[in-house]
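Examining the three-dimensional arrangement
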Amino acid sequence: MSQTQFTPRVFSGIQPSGGLTLGNYLGAIKRFVDMQDAGGFETIYCMVDLHAITVWQEPEALRRNTRELAAGFIASGIDPAKSILINQSQVPEHAQLGWIFNCVARMGWMSRMTQFKDKAGKNAEKASLGLFGYPALMAADILVYHATHVPVGEDQKQHLELTRDIAAKFNHDYGVDFFPLTEPVIEGAATRVMSLRDGSKKMSKSDPSDASRINMTDDADAIAKKIRKAKTDPDALPSEAAGLEDRPEARNLVNIFAALSDLSVDDVLAEMGGQQFGSFKPMLAELAVEKLSPISAEMARLMDDPAEIDRILARGAAQAREITAPILKKTYEIVGMVGSD
Ligand code: AQP
């Protein structure tokens, strides 16, 4: 079978399941902006509202969080004139392809997803079916654009492998070369930003402890206080990255510093090695405020005009459907749905 050449296309999304965190910013959005500005790719970025409701969301909070997330994307540098910006539910082909992929993915594959186990915990019986099926919809989000590259944080690696498995099984079962094997792009110093209270846990917007994360809407005082109180150990910073092994909290703060300043961890430690946290933390707080304050101020300004955000998302959905409708139609045709041929 000849190898199809796919248009270089980037897709990624974030759930509007709460306010944006520094983890989402460094692990995802900042890199979305880099890929948009680097050129060479069509870029599509998404507020994945259908994923958010796999756990309970108050409707008004979901609406607000979706608009605030869109404001966060734009304030961070996503330009709706350069990238397609959408909320998932306005592009129905995501969910339609998601159903087909529910029928391609195997129960055994889904049962191995560690994020489901983490999120459902001991209460798996009470988790929604949507939470279990989430990775098949995520595969559809990506493949309904024939996206070739997906920038994500480390925690999404397993879901990206499943996306490739689904594409490969679909292509094999139907004897086609229709869906690409998408490449995950997991790069940079902050692919896994950890909780400020526990270096073994990912910083997460749904962590019950607000002190565990920096929210993109935190003011300068809140950021400084959370960094000052961040858990650390009593030792000074090492001069090389190897010295951070077995020091998860120290490594986390250095990774955050490196990612915010666009330096490597080695460069940061070459300069800061030997410093105590008493002097490093205020520098980190100052850097975080310098980088995040302009974004949160712009988010607040954009949130003053939610109708404009809605217009941007509606325009994005129309552009997106020019890509997704033909891909879904062809998928239906391959699968054998009458009315699509
Ligand atoms: N701590 C993190 N470090 C680096 N990257 C992260 N991402 C999330 N947390 C970190 C990346 O952000 C993108 C969007 O993630 P998501 O909101 O769709 O889902 P999530 O990974 O489950 O994020 P949260 O904050 O933990 O949300 P909740 O609490 O609702 O589950 C992804 O690219 C992810 O890798």
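Higher on the page you've got the structure.
Here is a short report on the structure shown in this document. (Residues numbered from 1 in each chain as written. Predicted model: local features only at pLDDT ≥ 70, side-chain atom pairs only at ≥ 80, totals over all residues. Heavy atoms only, no water.)

1. Brief notes about a negative patch on the surface
Taken together, the side chains of Glu240, Asp266, Asp267 and Glu271 present a region of like negative charge at the surface. Residue position: glutamate 271 is located in helix H11 (residues 265–272). Exposure remark for glutamate 271: the relative accessible area of 61% places this residue in the exposed category. (Patch = residues over 30% accessible without salt bridge, like charges linked within 9 Å, V, L, I, M, F, W, Y side chains within 5 Å. Areas by Shrake-Rupley, 256 points an atom, 1.4 Å probe, with all protein chains shown as cover. Salt bridge = Lys/Arg side-chain N within 4 Å of Asp/Glu carboxyl O. Lys, Arg positive; Asp, Glu negative; His and termini not counted. Charge placed at Lys NZ, Arg CZ, Asp CG, Glu CD. Helix = DSSP H or I, 4+ residues; strand = E, 2+ residues; numbered from the N terminus. Buried < 20%, exposed > 50% of the residue type's maximum accessible area, 1.4 Å probe, protein only.)

2. A closer look at helix H13 (residues 306–335)
Working note: α-helix, 3.6 residues per turn, so residues spaced by three or four point in the same direction. Taking 1.5 Å per residue as the helical rise, H13 with its 30 residues ought to reach 44 Å, and the 40 Å between its terminal C-alpha atoms agrees with that figure. Remark: the principal bend of H13, roughly 35°, maps to arginine 321. If you check which residues of H13 are buried, you get Ile309, Ile312, Leu313, Gly316, Ala317, Ala320, Ile323, Thr324, Ile327, Leu328, Thr331 and Ile334. (Expected span 1.5 Å × (residues − 1). Bend = angle between axes of the 7 residues up to and from the residue.)

3. Quick notes on the nonpolar core
Counting 60 residues, the largest nonpolar core has Leu22, Leu26, Phe73, Leu85 and Phe280 as the members making the most contacts within it. If you tally residues by element for this core, the top one is helix H12 (residues 277–303), at 12 residues. Once you skip the residues sitting within four places of it in the chain, leucine 85 turns out to touch Tyr45, Met47, Ala70, Phe73, Ile74, Ile78, Ile312, Leu313 and Gly316. Counting 45 residues, the second-largest nonpolar core is a separate cluster that includes Phe116, Ala120, Ala139 and Ala320. (Core = buried A, V, L, I, M, F, W, Y, C linked by side-chain atoms within 4.5 Å. Contact = heavy atoms within 4.5 Å.)

4. Side note on the site of the ligand
Neighbouring the ligand are 23 residues, the closest being Lys119, Asp155, Ser204, Lys205 and Ser206. Between serine 17 and the ligand, the recorded distance is 2.7 Å, taken from a side-chain N or O atom to an oxygen atom. Within the contact set of the ligand, an oxygen atom lies 2.3 Å away from a side-chain nitrogen or oxygen of serine 206. Protein burial of the ligand: of its 640 Å² of free accessible surface, 97% is covered by the chains. Counting residues per element, the ones that place at least two in the shell around the ligand are strand E1 (9–14), helix H1 (22–38) and helix H6 (114–120). Sorting elements by how many residues they give to the shell around the ligand places H1 first, with 4 residues. Tallied by class, the residues present in the shell around the ligand amount to 6 nonpolar, 12 polar and 5 charged. (Near = heavy atom within 4 Å. Polar contact = N/O pair within 3.5 Å; in protein donor to acceptor, adjacent residues only side chain to side chain. Nonpolar A, V, L, I, M, F, W, Y, C, P; charged D, E, K, R; others polar.)

Purely geometric numbers; function is a separate question.
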